[in-house]
Amino acid sequence: MQLMNVLLDVSMSHLGGAIGAGLAAIGAGIGIGQIGKGATESIARQPEAANDIRGAMILTAAFVEGVALLAAVAGLLACALAQGERRSCFFAFVLLIKKL
């Protein structure tokens, strides 16, 4: 029940941070799907290059996932800092975790 209270206690800055984190997750999902689609089509056209294509696909997907993680953390930090607490980012993240 405490989680619902935290989620329902929203201001506009909380909403902006939450929307930013959600858009980062959606963008990463779409991006990784496009990477997989392109790799599958490439392997179908040139099966002998499957190992090289697969390696490039995994590396690119890891980069996309890393950027999405940073964007999600930035959105969550925006939610944590929305209440006027101007402390370090690490402390704000700890406060957010404690609220949940």
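Predicted model only: the values in this text are computed from it and were never measured.

**Overview of the overall build of the chain**
Within the chain, the secondary structure is distributed over four helices and zero strands. Secondary structure elements of the chain, listed N to C terminal, follow the sequence α-α-α-α. Split by element, the accessible area of the chain, about 6,900 Å² in all, is 70% carbon and sulfur.

**Digging into the environment of Ala74**
If you trace the backbone, Ala74 turns up in helix 3 (residues 50-80). Judged by relative accessible area, which is 44%, Ala74 ranks as partly exposed. For the pair Ala74 and Ala21, spaced 53 residues apart in sequence, the C-alpha to C-alpha distance is 7.4 Å.

**Brief notes about the confidence of the model for the chain**
Across the chain, the average pLDDT comes to 78, with 64% of residues at or above 70. Element-level pLDDT for the chain is lowest in helix 1 (residues 2-8), with a mean of 60, against a maximum mean of 87 in helix 3.

**Overview of the environment of Ala62**
As for its placement among the helices and strands, Ala62 is situated in helix 3. Judged by relative accessible area, which is 45%, Ala62 ranks as partly exposed. Taking the C-alpha atoms as reference points, Ala62 and Ile32, 30 residues apart in sequence, are found 8.9 Å from one another.

Rules behind the numbers
- Residues numbered from 1 in each chain as written.
- Predicted model: local features only at pLDDT ≥ 70, side-chain atom pairs only at ≥ 80, totals over all residues.
- Heavy atoms only, no water.
- Helix = DSSP H or I, 4+ residues; strand = E, 2+ residues; numbered from the N terminus.
- Areas by Shrake-Rupley, 256 points an atom, 1.4 Å probe, with all protein chains shown as cover.
- Buried < 20%, exposed > 50% of the residue type's maximum accessible area, 1.4 Å probe, protein only.
- pLDDT = per-residue confidence, 0-100.

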